Amino acid sequence: EAEVDTTSTEATTTTEVPDTTIATSTTEAPFTTTTTTTTTTTTTSTTTTTAEESGSPTGTPTYFPTLLAPCPESYDEDKSYTAGSIIEYTENVFMCSEEEGYEYYCNIATWDEALLDENPQAEQMWNEAWVHLGPCEVASEEDEIFAVLEEEAKAATSDLDADGLPSPSEI
């Protein structure tokens, strides 16, 4: 006759939440940010409880944040941009379109109806000149100070030889 263990219980639960898609769009001409998030969640848990453990808590959830790339240089309407230029605007990365004719519109900060006299497609091209690549993380003031100090240290030690002594030409 088989023995049955009555001192422990085991339960397995599987929960699946169907795909959820959330799309948001933010526009501050000429930069348009579209964020689409699709999630599928499947949770499977198996819990074994013995008579001695009754009521003991399960493990602590762990959160793994998604790290963002550092932001490139911010958009400056006084600078000149070429096709492929990458900039930051409102903590998002944009690239000046490499399609023919768009570079011109990357260098126009404010829409002007007079541009339609030159090109009937001007407004569409101006709106599509900057291609959204994704979000980025703006460096903190401390990060920027550290970067400056690091560059100064490199410059100060560039005249030293492998042993950390001034090179003969510097003596």
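Counting starts from 1 at the beginning of each chain's written sequence and moves along it residue by residue. Predicted model: local features are reported for residues with pLDDT of at least 70 only, side-chain atom pairs are reported and counted for 80 or more only, and whole-chain, interface and lining totals are derived from all residues. Water and hydrogen atoms were dropped before computing side-chain values, which therefore reflect all heavy atoms in the structure.

S.K.: Before we go on, may I ask you to explain the overall build of the protein in this structure?
M.R.: Helix and strand content of the protein: 4 helices and 5 strands. In the protein, the order of α-helices and β-strands from amino to carboxyl end is β-β-β-β-α-α-α-β-α. The rule is simple: take the accessible area with a 1.4 Å probe, protein chains only, and divide by the maximum for that residue type; under 20% is buried, over 50% is exposed, in between is partly exposed. Expressed as a percentage of its 171 residues, the buried residues of the protein come to 18%. When contacts within the protein are restricted to residue pairs at least 6 apart in sequence, long-range pairs at least 24 apart make up 54% of them. Areas reported as accessible are Shrake-Rupley estimates using a 1.4 Å probe. Residue values count occlusion only from the protein chains shown. Of the roughly 13100 Å² of accessible surface on the protein, 52% is carried by carbon and sulfur atoms. Numbered from the N terminus, helices here are DSSP runs of H or I no shorter than four residues, and strands are runs of E no shorter than two. Whether two residues are in contact is decided by their heavy atoms, any of which lying within 4.5 Å being enough.

S.K.: Whenever I open this one, the nonpolar core confuses me. Can you help?
M.R.: Grouped burial of nonpolar side chains is what soluble globular proteins tend to show. To define a nonpolar core, start from buried Ala, Val, Leu, Ile, Met, Phe, Trp, Tyr and Cys residues and group those joined through side-chain atoms within 4.5 Å. The biggest cluster of nonpolar side chains holds 16 residues, and the ones touching the most others in it are Tyr75, Tyr81, Ile87, Tyr105, Cys106, Ala129 and Trp130. By residue number, the principal contributor to this core is helix 3 (residues 122-128), which donates 3 residues. Excluding residues that lie within four positions of it along the chain, cysteine 106 makes contacts with Tyr75, Tyr81, Cys96, Ser97, Ala129 and Trp130.

S.K.: Please explain the side chain of asparagine 92 as it appears in this structure.
M.R.: Secondary-structure assignment places asparagine 92 in strand 4 (residues 92-96). Classification of asparagine 92 as buried rests on a relative accessible area of 11%. Whenever a nitrogen or oxygen atom comes within 3.5 Å of another N or O atom, the pair is scored as a polar contact, on the condition that within protein one atom can donate a hydrogen and the other can accept it, and that pairs from neighbouring residues in sequence are kept only if both atoms are in side chains. Among the polar contacts made by the side chain of asparagine 92, one reaches the side chain of histidine 132 at a distance of 2.9 Å.

S.K.: What should I look at first to understand the state of the cysteines in this one?
M.R.: By definition, a disulfide is the covalent link that joins the sulfur atoms of two cysteine residues. Note on disulfides: each one is a pair of cysteine sulfur atoms within 2.5 Å. Across all of its chains, the model carries 2 disulfides by this definition. Two residues, cysteine 96 and cysteine 106, share a disulfide whose sulfurs are 2.1 Å apart. One quick way to see it: the torsion about the S-S bond of cysteine 96 and cysteine 106 is about 105 degrees, and its sign makes the bridge right-handed. Taken together, the residues cysteine 96 in strand 4 and cysteine 106 in helix 1 (residues 103-106) connect sequence positions 10 residues apart. Cysteine 106 sits in the buried class, given a relative accessible area of 0%. With cysteine numbering restricted to those in disulfides and following the sequence, the protein has the pairing 1-4, 2-3.

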